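Chain residues, written in single-letter form:
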Amino acid sequence: MAWQTLFAQTDRQAADASASRGWTAPADTFSLGVASGEPRPSSVVIWTRLAPRPLQPDGGMPAQAVAVTWQVAADPRFARIVQQGVVVTDPARAHSVHVEVDGLDSGRTYHYRFTAGGLDSPVGRTRTAPAPGADPGSLRFALAACQHYEQGAFTVHREIAAADLDFVLFVGDYVYEGPTHRRLRRRRHAVEVEREYSLALYRIHHANYKQDPDLRACHAAHPWLMTWDDHEVRNDYDGIHNTEDDDVTTAEFLKRRAMAYQAYFEHLPISPTRAPVGPDAAFYASYQWGTLAQLWLLDTRQWREAQACQSGIHAPWAGRLLWRCTATEAKERSMLGWPQERWLAEGLASSTSAWRLIGQTTQLSPSGFGTPFGPLLYSDGWDTFPAARERLMAAIAQPRVPDVVVLGGDVHRHVAAQLRLHPGDRSSPVIASELIGSSITSRGLSEALNQWMRSSNPDILHARSDERGYALIDLNAQRLRCDFRATPHPVKADSVLHTQASFVIDRGVPGPRRI
Ligand code: FE
Ligand code: CA
(Lines give C-alpha, C1' and ligand atoms only; values in the text may rest on other atoms or scores of the structure.)
(Ligands and ions follow the chains in the order given, each with its own letter.)
Protein backbone atom coordinates (compact mmCIF):
# COMPACT_ATOMS: atom_id res chain seq x y z
CA MET A 1 0.00 0.00 0.00
CA ALA A 2 2.96 2.28 0.55
CA TRP A 3 3.34 2.79 -3.17
CA GLN A 4 -0.18 4.17 -3.50
CA THR A 5 0.72 6.79 -0.93
CA LEU A 6 3.82 7.59 -2.94
CA PHE A 7 1.75 7.89 -6.11
CA ALA A 8 -0.45 10.46 -4.45
CA GLN A 9 2.46 12.64 -3.43
CA THR A 10 4.80 14.66 -5.56
CA ASP A 11 6.87 16.36 -2.86
CA ARG A 12 9.45 13.64 -2.52
CA GLN A 13 11.49 14.56 -5.52
CA ALA A 14 14.84 14.42 -3.77
CA ALA A 15 14.23 10.92 -2.42
CA ASP A 16 12.73 9.80 -5.72
CA ALA A 17 15.59 11.07 -7.83
CA SER A 18 18.03 8.97 -5.82
CA ALA A 19 15.91 5.88 -6.55
CA SER A 20 17.24 5.60 -10.09
CA ARG A 21 20.78 6.80 -9.49
CA GLY A 22 23.18 5.08 -11.82
CA TRP A 23 20.54 3.89 -14.29
CA THR A 24 20.47 5.30 -17.80
CA ALA A 25 17.44 4.40 -19.90
CA PRO A 26 18.14 2.41 -23.09
CA ALA A 27 16.61 3.94 -26.24
CA ASP A 28 13.64 1.55 -26.31
CA THR A 29 12.62 1.92 -22.66
CA PHE A 30 9.18 3.23 -23.67
CA SER A 31 8.60 0.51 -26.29
CA LEU A 32 5.16 -0.27 -24.79
CA GLY A 33 3.99 3.29 -25.35
CA VAL A 34 1.82 5.52 -23.21
CA ALA A 35 -1.89 5.50 -22.42
CA SER A 36 -4.60 7.38 -20.57
CA GLY A 37 -7.97 6.43 -19.17
CA GLU A 38 -10.87 7.01 -16.81
CA PRO A 39 -11.61 10.60 -17.88
CA ARG A 40 -13.50 12.55 -15.22
CA PRO A 41 -14.37 16.27 -14.98
CA SER A 42 -11.08 17.20 -13.26
CA SER A 43 -8.91 14.10 -13.58
CA VAL A 44 -7.51 11.48 -15.89
CA VAL A 45 -5.19 8.50 -15.37
CA ILE A 46 -1.93 8.40 -17.32
CA TRP A 47 0.12 5.24 -17.77
CA THR A 48 3.38 3.85 -19.04
CA ARG A 49 5.63 0.89 -18.29
CA LEU A 50 9.41 0.94 -18.52
CA ALA A 51 10.40 -2.14 -20.54
CA PRO A 52 13.39 -1.91 -22.92
CA ARG A 53 13.19 -5.71 -23.45
CA PRO A 54 9.41 -6.32 -23.29
CA LEU A 55 9.60 -10.09 -23.89
CA GLN A 56 12.00 -10.71 -21.00
CA PRO A 57 10.48 -11.54 -17.60
CA ASP A 58 11.92 -8.37 -16.05
CA GLY A 59 11.26 -6.23 -19.14
CA GLY A 60 14.99 -5.64 -19.39
CA MET A 61 14.90 -3.42 -16.29
CA PRO A 62 17.37 -3.55 -13.38
CA ALA A 63 16.12 -5.02 -10.09
CA GLN A 64 15.75 -1.61 -8.48
CA ALA A 65 13.32 1.24 -7.97
CA VAL A 66 13.32 3.93 -10.65
CA ALA A 67 12.03 7.51 -10.50
CA VAL A 68 9.78 8.64 -13.34
CA THR A 69 8.84 12.25 -14.03
CA TRP A 70 5.44 12.94 -15.59
CA GLN A 71 4.17 16.12 -17.23
CA VAL A 72 0.74 17.23 -18.43
CA ALA A 73 0.58 20.18 -20.80
CA ALA A 74 -2.07 22.22 -22.59
CA ASP A 75 -0.14 21.99 -25.87
CA PRO A 76 1.68 19.14 -27.67
CA ARG A 77 5.04 20.94 -27.49
CA PHE A 78 4.88 21.24 -23.70
CA ALA A 79 5.28 25.03 -23.74
CA ARG A 80 2.40 25.33 -21.23
CA ILE A 81 2.88 22.62 -18.61
CA VAL A 82 -0.08 22.58 -16.24
CA GLN A 83 1.04 19.81 -13.89
CA GLN A 84 4.08 17.64 -13.26
CA GLY A 85 5.45 15.33 -10.63
CA VAL A 86 7.72 12.41 -9.83
CA VAL A 87 6.69 8.88 -8.92
CA VAL A 88 8.77 5.86 -8.04
CA THR A 89 8.14 2.50 -9.65
CA ASP A 90 9.85 -0.83 -9.05
CA PRO A 91 9.99 -4.49 -10.12
CA ALA A 92 7.02 -5.45 -7.88
CA ARG A 93 4.73 -3.69 -10.38
CA ALA A 94 6.88 -4.47 -13.45
CA HIS A 95 8.07 -0.85 -13.51
CA SER A 96 4.60 0.29 -14.53
CA VAL A 97 3.48 3.85 -13.78
CA HIS A 98 -0.11 4.89 -13.03
CA VAL A 99 -0.77 8.52 -12.11
CA GLU A 100 -4.23 9.87 -11.44
CA VAL A 101 -3.74 13.52 -12.40
CA ASP A 102 -6.29 15.70 -10.62
CA GLY A 103 -7.05 19.44 -10.69
CA LEU A 104 -7.43 19.61 -14.47
CA ASP A 105 -9.97 21.72 -16.35
CA SER A 106 -13.15 20.01 -17.53
CA GLY A 107 -13.82 19.13 -21.16
CA ARG A 108 -10.26 19.87 -22.30
CA THR A 109 -7.63 18.18 -24.41
CA TYR A 110 -4.26 17.64 -22.71
CA HIS A 111 -0.92 16.17 -23.71
CA TYR A 112 1.26 14.08 -21.41
CA ARG A 113 4.67 12.39 -21.33
CA PHE A 114 7.08 10.67 -18.96
CA THR A 115 10.84 10.92 -18.43
CA ALA A 116 12.98 8.19 -16.87
CA GLY A 117 16.73 7.61 -16.82
CA GLY A 118 17.25 10.69 -19.01
CA LEU A 119 14.87 9.51 -21.74
CA ASP A 120 11.52 11.05 -22.79
CA SER A 121 8.51 8.87 -23.67
CA PRO A 122 6.31 9.41 -26.72
CA VAL A 123 3.62 12.06 -26.16
CA GLY A 124 0.05 10.98 -25.48
CA ARG A 125 -3.13 12.99 -25.92
CA THR A 126 -6.06 12.80 -23.58
CA ARG A 127 -9.27 14.59 -22.72
CA THR A 128 -11.17 15.27 -19.50
CA ALA A 129 -14.94 14.84 -19.11
CA PRO A 130 -17.20 17.92 -19.18
CA ALA A 131 -18.01 19.73 -15.94
CA PRO A 132 -20.89 18.27 -13.93
CA GLY A 133 -24.08 20.02 -15.00
CA ALA A 134 -22.54 21.33 -18.23
CA ASP A 135 -24.05 20.44 -21.59
CA PRO A 136 -21.18 19.35 -23.85
CA GLY A 137 -23.48 19.30 -26.90
CA SER A 138 -22.22 15.95 -28.13
CA LEU A 139 -20.31 12.82 -27.20
CA ARG A 140 -18.48 10.66 -29.70
CA PHE A 141 -16.73 7.39 -28.91
CA ALA A 142 -15.59 4.06 -30.34
CA LEU A 143 -17.05 0.82 -28.94
CA ALA A 144 -14.50 -1.98 -29.37
CA ALA A 145 -13.72 -5.48 -28.06
CA CYS A 146 -12.02 -8.80 -28.74
CA GLN A 147 -8.54 -8.59 -30.23
CA HIS A 148 -7.00 -12.03 -30.67
CA TYR A 149 -3.45 -11.11 -31.69
CA GLU A 150 -3.07 -14.21 -33.84
CA GLN A 151 -6.29 -13.82 -35.83
CA GLY A 152 -5.46 -10.61 -37.67
CA ALA A 153 -3.77 -7.21 -37.75
CA PHE A 154 -4.89 -4.41 -35.42
CA THR A 155 -5.66 -2.14 -38.40
CA VAL A 156 -9.05 -1.28 -36.88
CA HIS A 157 -7.15 0.52 -34.10
CA ARG A 158 -5.39 2.62 -36.75
CA GLU A 159 -8.72 4.08 -37.84
CA ILE A 160 -9.91 4.58 -34.26
CA ALA A 161 -6.63 6.33 -33.40
CA ALA A 162 -7.14 8.81 -36.26
CA ALA A 163 -10.80 9.51 -35.44
CA ASP A 164 -11.98 12.58 -33.56
CA LEU A 165 -13.29 10.99 -30.35
CA ASP A 166 -13.88 11.75 -26.68
CA PHE A 167 -12.82 8.24 -25.64
CA VAL A 168 -12.52 4.58 -26.57
CA LEU A 169 -14.82 2.17 -24.74
CA PHE A 170 -13.22 -1.29 -24.73
CA VAL A 171 -15.46 -4.01 -23.32
CA GLY A 172 -13.25 -7.07 -22.99
CA ASP A 173 -11.02 -9.77 -24.45
CA TYR A 174 -8.07 -7.35 -24.57
CA VAL A 175 -5.68 -10.35 -24.70
CA TYR A 176 -6.44 -14.01 -25.46
CA GLU A 177 -4.69 -16.51 -23.25
CA GLY A 178 -4.31 -19.26 -25.84
CA PRO A 179 -3.26 -19.91 -29.43
CA THR A 180 -5.57 -20.03 -32.42
CA HIS A 181 -6.10 -22.85 -34.88
CA ARG A 182 -3.35 -22.96 -37.50
CA ARG A 183 -5.89 -22.29 -40.25
CA LEU A 184 -6.90 -18.97 -38.65
CA ARG A 185 -3.44 -17.88 -37.58
CA ARG A 186 -2.04 -14.68 -39.13
CA ARG A 187 0.78 -14.12 -36.61
CA ARG A 188 2.08 -15.82 -33.47
CA HIS A 189 1.88 -14.98 -29.80
CA ALA A 190 5.34 -14.72 -28.26
CA VAL A 191 4.13 -16.78 -25.29
CA GLU A 192 0.88 -18.40 -24.19
CA VAL A 193 -0.74 -18.55 -20.79
CA GLU A 194 -3.34 -21.21 -21.53
CA ARG A 195 -1.88 -24.28 -19.80
CA GLU A 196 1.26 -22.93 -18.18
CA TYR A 197 1.04 -19.56 -16.57
CA SER A 198 2.78 -17.27 -14.11
CA LEU A 199 2.79 -13.57 -13.38
CA ALA A 200 5.93 -13.28 -15.54
CA LEU A 201 4.22 -15.03 -18.47
CA TYR A 202 1.06 -12.90 -18.21
CA ARG A 203 3.31 -9.80 -18.22
CA ILE A 204 5.16 -10.95 -21.34
CA HIS A 205 1.82 -11.75 -22.97
CA HIS A 206 0.51 -8.21 -22.39
CA ALA A 207 3.82 -6.71 -23.51
CA ASN A 208 3.58 -8.79 -26.68
CA TYR A 209 0.18 -7.23 -27.54
CA LYS A 210 1.55 -3.73 -26.84
CA GLN A 211 4.31 -4.28 -29.42
CA ASP A 212 1.64 -3.71 -32.08
CA PRO A 213 2.08 -0.09 -33.28
CA ASP A 214 -1.61 0.42 -34.12
CA LEU A 215 -2.69 -0.61 -30.62
CA ARG A 216 -0.10 1.73 -29.08
CA ALA A 217 -1.23 4.58 -31.36
CA CYS A 218 -4.85 4.10 -30.30
CA HIS A 219 -3.89 4.26 -26.62
CA ALA A 220 -1.76 7.37 -27.20
CA ALA A 221 -4.55 9.12 -29.14
CA HIS A 222 -7.52 8.81 -26.74
CA PRO A 223 -8.37 8.05 -23.14
CA TRP A 224 -9.82 4.55 -22.75
CA LEU A 225 -12.58 3.27 -20.53
CA MET A 226 -12.19 -0.44 -19.99
CA THR A 227 -13.72 -3.55 -18.59
CA TRP A 228 -12.55 -7.12 -18.94
CA ASP A 229 -14.15 -10.34 -20.12
CA ASP A 230 -12.93 -13.94 -19.80
CA HIS A 231 -9.83 -14.25 -22.02
CA GLU A 232 -7.80 -11.81 -19.93
CA VAL A 233 -7.64 -14.72 -17.47
CA ARG A 234 -8.98 -17.97 -19.00
CA ASN A 235 -11.70 -18.80 -21.52
CA ASP A 236 -15.24 -18.85 -20.04
CA TYR A 237 -14.14 -18.50 -16.41
CA ASP A 238 -16.94 -17.66 -13.99
CA GLY A 239 -15.99 -15.86 -10.78
CA ILE A 240 -13.98 -18.44 -8.86
CA HIS A 241 -14.62 -21.27 -11.33
CA ASN A 242 -12.18 -22.28 -14.03
CA THR A 243 -14.71 -23.70 -16.47
CA GLU A 244 -12.22 -25.07 -19.00
CA ASP A 245 -9.88 -27.05 -16.77
CA ASP A 246 -11.65 -29.54 -14.48
CA ASP A 247 -8.43 -30.52 -12.71
CA VAL A 248 -7.78 -27.06 -11.24
CA THR A 249 -8.86 -26.33 -7.65
CA THR A 250 -10.56 -23.07 -6.71
CA ALA A 251 -7.51 -22.04 -4.66
CA GLU A 252 -5.22 -22.62 -7.61
CA PHE A 253 -7.57 -20.76 -9.95
CA LEU A 254 -7.71 -17.77 -7.63
CA LYS A 255 -3.89 -17.64 -7.69
CA ARG A 256 -4.09 -17.57 -11.46
CA ARG A 257 -6.78 -14.87 -11.41
CA ALA A 258 -4.54 -12.74 -9.18
CA MET A 259 -1.64 -13.06 -11.65
CA ALA A 260 -3.85 -12.21 -14.63
CA TYR A 261 -5.52 -9.24 -12.88
CA GLN A 262 -2.14 -7.90 -11.76
CA ALA A 263 -0.60 -8.09 -15.26
CA TYR A 264 -3.74 -6.52 -16.76
CA PHE A 265 -3.52 -3.60 -14.32
CA GLU A 266 0.21 -3.16 -14.92
CA HIS A 267 -0.34 -2.71 -18.66
CA LEU A 268 -3.39 -0.44 -18.74
CA PRO A 269 -4.43 3.09 -17.75
CA ILE A 270 -6.38 2.12 -14.65
CA SER A 271 -6.49 4.28 -11.52
CA PRO A 272 -3.96 3.20 -8.87
CA THR A 273 -6.88 3.30 -6.42
CA ARG A 274 -8.29 0.32 -8.35
CA ALA A 275 -5.12 -1.81 -8.30
CA PRO A 276 -6.08 -5.46 -7.70
CA VAL A 277 -5.53 -6.86 -4.24
CA GLY A 278 -4.72 -10.52 -4.77
CA PRO A 279 -7.54 -12.05 -6.86
CA ASP A 280 -9.92 -9.14 -6.13
CA ALA A 281 -10.34 -5.88 -8.04
CA ALA A 282 -12.83 -3.02 -7.65
CA PHE A 283 -13.70 -3.01 -11.27
CA TYR A 284 -17.12 -1.58 -11.96
CA ALA A 285 -17.58 2.17 -12.11
CA SER A 286 -19.82 4.93 -13.40
CA TYR A 287 -18.76 7.88 -15.56
CA GLN A 288 -20.63 11.10 -16.25
CA TRP A 289 -20.49 13.18 -19.45
CA GLY A 290 -22.07 16.43 -18.26
CA THR A 291 -25.85 16.41 -18.54
CA LEU A 292 -25.67 14.37 -21.74
CA ALA A 293 -24.80 10.84 -20.65
CA GLN A 294 -24.00 8.59 -17.76
CA LEU A 295 -22.15 5.33 -18.38
CA TRP A 296 -22.15 2.35 -16.06
CA LEU A 297 -19.23 0.07 -16.90
CA LEU A 298 -19.88 -3.41 -15.54
CA ASP A 299 -17.69 -6.33 -14.48
CA THR A 300 -19.57 -9.42 -15.69
CA ARG A 301 -16.81 -11.90 -14.69
CA GLN A 302 -15.59 -11.51 -11.16
CA TRP A 303 -18.85 -12.41 -9.38
CA ARG A 304 -20.52 -14.52 -12.05
CA GLU A 305 -22.02 -17.86 -11.04
CA ALA A 306 -20.72 -21.05 -12.61
CA GLN A 307 -21.93 -22.24 -16.00
CA ALA A 308 -25.22 -24.07 -15.73
CA CYS A 309 -26.04 -27.65 -16.73
CA GLN A 310 -23.54 -30.37 -17.45
CA SER A 311 -25.23 -31.19 -20.75
CA GLY A 312 -24.50 -29.27 -23.92
CA ILE A 313 -22.84 -29.46 -27.28
CA HIS A 314 -19.41 -28.13 -28.21
CA ALA A 315 -20.07 -26.43 -31.54
CA PRO A 316 -17.18 -25.28 -33.73
CA TRP A 317 -16.83 -21.47 -33.48
CA ALA A 318 -19.91 -21.15 -31.27
CA GLY A 319 -18.59 -22.46 -27.94
CA ARG A 320 -20.66 -24.66 -25.67
CA LEU A 321 -24.38 -24.63 -26.44
CA LEU A 322 -27.04 -25.90 -24.06
CA TRP A 323 -30.78 -26.09 -23.57
CA ARG A 324 -32.44 -24.51 -20.56
CA CYS A 325 -32.24 -26.60 -17.42
CA THR A 326 -33.20 -26.26 -13.77
CA ALA A 327 -29.90 -24.47 -13.02
CA THR A 328 -30.27 -21.78 -15.71
CA GLU A 329 -33.77 -20.97 -14.48
CA ALA A 330 -32.81 -20.52 -10.80
CA LYS A 331 -34.22 -17.21 -9.56
CA GLU A 332 -31.15 -16.35 -7.48
CA ARG A 333 -28.70 -16.95 -10.34
CA SER A 334 -26.63 -13.78 -10.91
CA MET A 335 -24.12 -12.67 -13.52
CA LEU A 336 -23.07 -9.42 -11.83
CA GLY A 337 -23.35 -10.46 -8.20
CA TRP A 338 -25.97 -8.86 -5.95
CA PRO A 339 -24.02 -5.74 -4.84
CA GLN A 340 -23.29 -4.76 -8.46
CA GLU A 341 -26.90 -5.50 -9.53
CA ARG A 342 -28.21 -3.21 -6.79
CA TRP A 343 -25.65 -0.49 -7.57
CA LEU A 344 -26.70 -0.49 -11.23
CA ALA A 345 -30.45 -0.48 -10.48
CA GLU A 346 -30.09 2.39 -8.02
CA GLY A 347 -27.87 4.32 -10.44
CA LEU A 348 -30.33 3.90 -13.32
CA ALA A 349 -33.27 5.00 -11.19
CA SER A 350 -31.56 8.14 -9.85
CA SER A 351 -29.75 9.32 -13.00
CA THR A 352 -30.90 12.57 -14.60
CA SER A 353 -28.70 12.33 -17.71
CA ALA A 354 -30.25 12.55 -21.15
CA TRP A 355 -28.80 9.12 -22.05
CA ARG A 356 -28.06 6.12 -19.79
CA LEU A 357 -25.40 3.88 -21.29
CA ILE A 358 -24.59 0.45 -19.87
CA GLY A 359 -21.18 -0.88 -20.97
CA GLN A 360 -20.88 -4.62 -20.43
CA THR A 361 -19.13 -7.53 -22.08
CA THR A 362 -21.55 -9.69 -24.04
CA GLN A 363 -24.93 -9.77 -25.82
CA LEU A 364 -27.91 -9.03 -23.59
CA SER A 365 -30.74 -9.67 -26.06
CA PRO A 366 -31.67 -13.32 -26.75
CA SER A 367 -29.35 -14.95 -29.29
CA GLY A 368 -30.09 -18.68 -29.05
CA PHE A 369 -30.43 -21.06 -31.99
CA GLY A 370 -34.05 -22.15 -32.40
CA THR A 371 -34.75 -25.92 -32.26
CA PRO A 372 -37.92 -28.00 -31.75
CA PHE A 373 -36.79 -28.50 -28.12
CA GLY A 374 -36.36 -24.80 -27.39
CA PRO A 375 -33.44 -22.53 -28.19
CA LEU A 376 -29.86 -23.77 -27.92
CA LEU A 377 -28.12 -21.18 -25.75
CA TYR A 378 -24.55 -19.89 -25.74
CA SER A 379 -23.44 -21.20 -22.34
CA ASP A 380 -21.31 -18.14 -21.55
CA GLY A 381 -23.89 -15.41 -22.27
CA TRP A 382 -26.90 -13.66 -20.73
CA ASP A 383 -29.24 -16.30 -22.22
CA THR A 384 -28.21 -18.69 -19.43
CA PHE A 385 -28.93 -16.00 -16.78
CA PRO A 386 -32.63 -15.35 -17.56
CA ALA A 387 -33.64 -14.29 -14.02
CA ALA A 388 -30.74 -11.82 -13.76
CA ARG A 389 -31.65 -10.42 -17.18
CA GLU A 390 -35.31 -10.03 -16.12
CA ARG A 391 -34.13 -8.12 -13.02
CA LEU A 392 -32.03 -5.78 -15.17
CA MET A 393 -34.96 -5.15 -17.50
CA ALA A 394 -37.21 -4.54 -14.48
CA ALA A 395 -34.67 -1.98 -13.21
CA ILE A 396 -35.00 -0.19 -16.56
CA ALA A 397 -38.80 -0.45 -16.61
CA GLN A 398 -39.91 0.21 -13.01
CA PRO A 399 -39.99 3.12 -12.66
CA ARG A 400 -39.45 3.69 -16.33
CA VAL A 401 -35.88 4.75 -17.06
CA PRO A 402 -35.90 6.27 -20.55
CA ASP A 403 -33.17 6.28 -23.16
CA VAL A 404 -31.14 3.30 -21.99
CA VAL A 405 -28.63 1.89 -24.48
CA VAL A 406 -26.75 -1.31 -23.66
CA LEU A 407 -23.29 -1.57 -25.28
CA GLY A 408 -21.53 -4.93 -25.57
CA GLY A 409 -18.90 -7.13 -27.19
CA ASP A 410 -17.74 -10.76 -26.91
CA VAL A 411 -19.89 -12.23 -29.70
CA HIS A 412 -17.66 -11.05 -32.58
CA ARG A 413 -20.47 -9.54 -34.65
CA HIS A 414 -22.02 -6.13 -35.16
CA VAL A 415 -25.46 -6.19 -33.56
CA ALA A 416 -28.37 -3.76 -33.27
CA ALA A 417 -31.27 -5.12 -31.25
CA GLN A 418 -34.34 -3.98 -29.38
CA LEU A 419 -34.61 -4.92 -25.72
CA ARG A 420 -38.02 -5.94 -24.40
CA LEU A 421 -39.29 -5.85 -20.84
CA HIS A 422 -39.44 -9.66 -20.99
CA PRO A 423 -36.64 -10.62 -23.39
CA GLY A 424 -37.82 -13.11 -26.00
CA ASP A 425 -41.52 -12.38 -25.38
CA ARG A 426 -42.74 -10.56 -28.49
CA SER A 427 -45.88 -9.36 -26.70
CA SER A 428 -43.93 -7.33 -24.13
CA PRO A 429 -42.90 -3.75 -24.92
CA VAL A 430 -39.54 -2.60 -26.28
CA ILE A 431 -38.00 -0.51 -23.49
CA ALA A 432 -34.32 -0.09 -24.45
CA SER A 433 -31.73 -0.58 -27.21
CA GLU A 434 -28.64 -2.71 -27.67
CA LEU A 435 -25.54 -2.11 -29.80
CA ILE A 436 -22.53 -4.42 -30.11
CA GLY A 437 -19.30 -3.49 -31.90
CA SER A 438 -18.06 -6.74 -33.52
CA SER A 439 -14.36 -7.46 -32.81
CA ILE A 440 -11.00 -5.90 -33.61
CA THR A 441 -9.69 -9.21 -35.04
CA SER A 442 -11.44 -12.24 -33.48
CA ARG A 443 -13.32 -14.54 -35.83
CA GLY A 444 -17.13 -14.65 -35.71
CA LEU A 445 -19.80 -17.28 -36.35
CA SER A 446 -19.99 -18.98 -39.72
CA GLU A 447 -22.56 -17.52 -42.13
CA ALA A 448 -24.85 -20.54 -41.62
CA LEU A 449 -24.82 -20.23 -37.82
CA ASN A 450 -25.28 -16.45 -38.04
CA GLN A 451 -28.34 -16.94 -40.28
CA TRP A 452 -29.75 -19.54 -37.90
CA MET A 453 -29.24 -17.22 -34.92
CA ARG A 454 -30.79 -14.24 -36.71
CA SER A 455 -33.87 -16.08 -37.93
CA SER A 456 -34.43 -17.40 -34.39
CA ASN A 457 -34.40 -13.93 -32.80
CA PRO A 458 -36.53 -11.29 -34.53
CA ASP A 459 -35.57 -8.62 -31.97
CA ILE A 460 -32.10 -8.62 -33.54
CA LEU A 461 -32.45 -5.96 -36.23
CA HIS A 462 -28.91 -6.37 -37.54
CA ALA A 463 -26.22 -9.01 -37.01
CA ARG A 464 -23.20 -9.73 -39.18
CA SER A 465 -20.43 -12.09 -38.10
CA ASP A 466 -18.34 -11.97 -41.27
CA GLU A 467 -16.71 -8.58 -40.69
CA ARG A 468 -14.48 -7.18 -37.98
CA GLY A 469 -14.49 -3.57 -36.80
CA TYR A 470 -15.97 -1.28 -34.16
CA ALA A 471 -19.08 0.81 -33.57
CA LEU A 472 -18.69 4.58 -33.91
CA ILE A 473 -21.23 6.17 -31.60
CA ASP A 474 -22.16 9.84 -31.76
CA LEU A 475 -24.88 11.28 -29.57
CA ASN A 476 -26.48 14.58 -28.70
CA ALA A 477 -29.53 15.57 -26.67
CA GLN A 478 -31.91 14.52 -29.47
CA ARG A 479 -30.54 11.29 -30.90
CA LEU A 480 -27.79 8.69 -30.84
CA ARG A 481 -26.22 7.53 -34.09
CA CYS A 482 -24.25 4.30 -34.52
CA ASP A 483 -22.12 3.55 -37.57
CA PHE A 484 -20.89 -0.04 -37.72
CA ARG A 485 -17.39 0.38 -39.19
CA ALA A 486 -16.27 -2.89 -40.77
CA THR A 487 -13.78 -4.80 -42.87
CA PRO A 488 -13.82 -8.46 -43.96
CA HIS A 489 -12.23 -11.18 -41.83
CA PRO A 490 -9.29 -11.63 -41.46
CA VAL A 491 -8.06 -8.08 -40.96
CA LYS A 492 -4.89 -7.38 -42.94
CA ALA A 493 -2.29 -4.66 -42.44
CA ASP A 494 -3.73 -2.72 -45.40
CA SER A 495 -7.43 -3.39 -44.74
CA VAL A 496 -9.76 -0.41 -45.20
CA LEU A 497 -12.96 0.00 -43.20
CA HIS A 498 -16.38 0.88 -44.58
CA THR A 499 -19.76 1.55 -42.95
CA GLN A 500 -21.61 -1.78 -42.87
CA ALA A 501 -24.86 -0.30 -41.51
CA SER A 502 -26.05 2.75 -39.58
CA PHE A 503 -28.73 3.05 -36.90
CA VAL A 504 -30.19 5.91 -34.90
CA ILE A 505 -32.00 5.93 -31.59
CA ASP A 506 -34.25 8.93 -31.02
CA ARG A 507 -34.61 10.27 -27.49
CA GLY A 508 -37.85 8.99 -25.98
CA VAL A 509 -38.26 6.20 -28.57
CA PRO A 510 -36.65 2.95 -27.38
CA GLY A 511 -35.12 0.70 -30.03
CA PRO A 512 -32.61 1.32 -32.84
CA ARG A 513 -33.89 2.40 -36.27
CA ARG A 514 -31.94 1.63 -39.44
CA ILE A 515 -31.06 4.64 -41.61
FE1 FE B 1 -13.78 -12.49 -27.74
CA1 CA C 1 -15.34 -13.42 -24.28
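Residues numbered from 1 in each chain as written. Chains lettered and ligands numbered in written order. Predicted model: local features only at pLDDT ≥ 70, side-chain atom pairs only at ≥ 80, totals over all residues. Heavy atoms only, no water.

Summarising the metal site, the calcium ion (ligand 2) is bound by the protein donors Asp 173 (OD), Asp 229 (OD), Asp 230 (OD) and Asp 410 (OD), whose distances to it range over 2.2 to 2.6 Å. Counting the intervening residues between successive donors of the calcium ion (ligand 2) yields the motif D-x55-D-D-x179-D. The two metals, the calcium ion (ligand 2) and the iron ion (ligand 1), are separated by 3.9 Å and share Asp 173 as a common coordinating residue. Of this pair, Asp 229 sits in the loop between strand 11 (223-226) and helix 6 (250-266) while Asp 410 sits in the loop between strand 18 (404-408) and strand 19 (414-420), and the two are 181 residues apart along the sequence. (Donors = N, O, S within 2.8 Å, 3.2 Å for Na, K, Ca; no water. Helix = DSSP H or I, 4+ residues; strand = E, 2+ residues; numbered from the N terminus.)

This part takes up helix 8 (residues 338-350). Compared with an ideal rise of 1.5 Å per residue, which puts 13 residues at 18 Å, helix 8 spans 18 Å between its outermost C-alpha atoms and is within 8% of the ideal. Turning to helix 8, its buried residues number three or more, namely Gln 340, Glu 341, Leu 344, Gly 347 and Leu 348. Projection of helix 8 onto a plane perpendicular to its axis shows the buried side chains occupying an angular sector of 135°, all on one side. Looking at helix 8, the residues exposed on the side facing more than 90 degrees away from the buried face are Pro 339, Glu 346 and Ser 350. Along its buried surface, helix 8 packs onto strand 13 (293-297), strand 16 (355-359), helix 9 (386-397) and strand 18. (Expected span 1.5 Å × (residues − 1). Buried < 20%, exposed > 50% of the residue type's maximum accessible area, 1.4 Å probe, protein only. Arc of directions from axis to C-beta. Contact = heavy atoms within 4.5 Å.)

The subject of this paragraph is helix 3 (residues 155-162). Along helix 3, the residues that are buried comprise Thr 155, Val 156, His 157, Ile 160 and Ala 161. On its buried side, helix 3 packs onto strand 8 (124-127), strand 9 (139-144), strand 10 (167-170), helix 5 (213-221), strand 11 and strand 22 (467-475).

Looking now at the side chain of Asn 208. You can see Asn 208 is positioned in helix 4 (residues 199-210). For Asn 208, a relative accessible area of 2% corresponds to the buried category. Within the local environment of Asn 208, its side chain forms a polar contact with the backbone nitrogen of Ala 190, the two atoms lying 2.7 Å apart. Apart from the residues lying within four places of it in its own chain, the contact partners of Asn 208 are Leu 55, Tyr 149, Arg 188, His 189, Ala 190 and Val 191. (Polar contact = N/O pair within 3.5 Å; in protein donor to acceptor, adjacent residues only side chain to side chain.)

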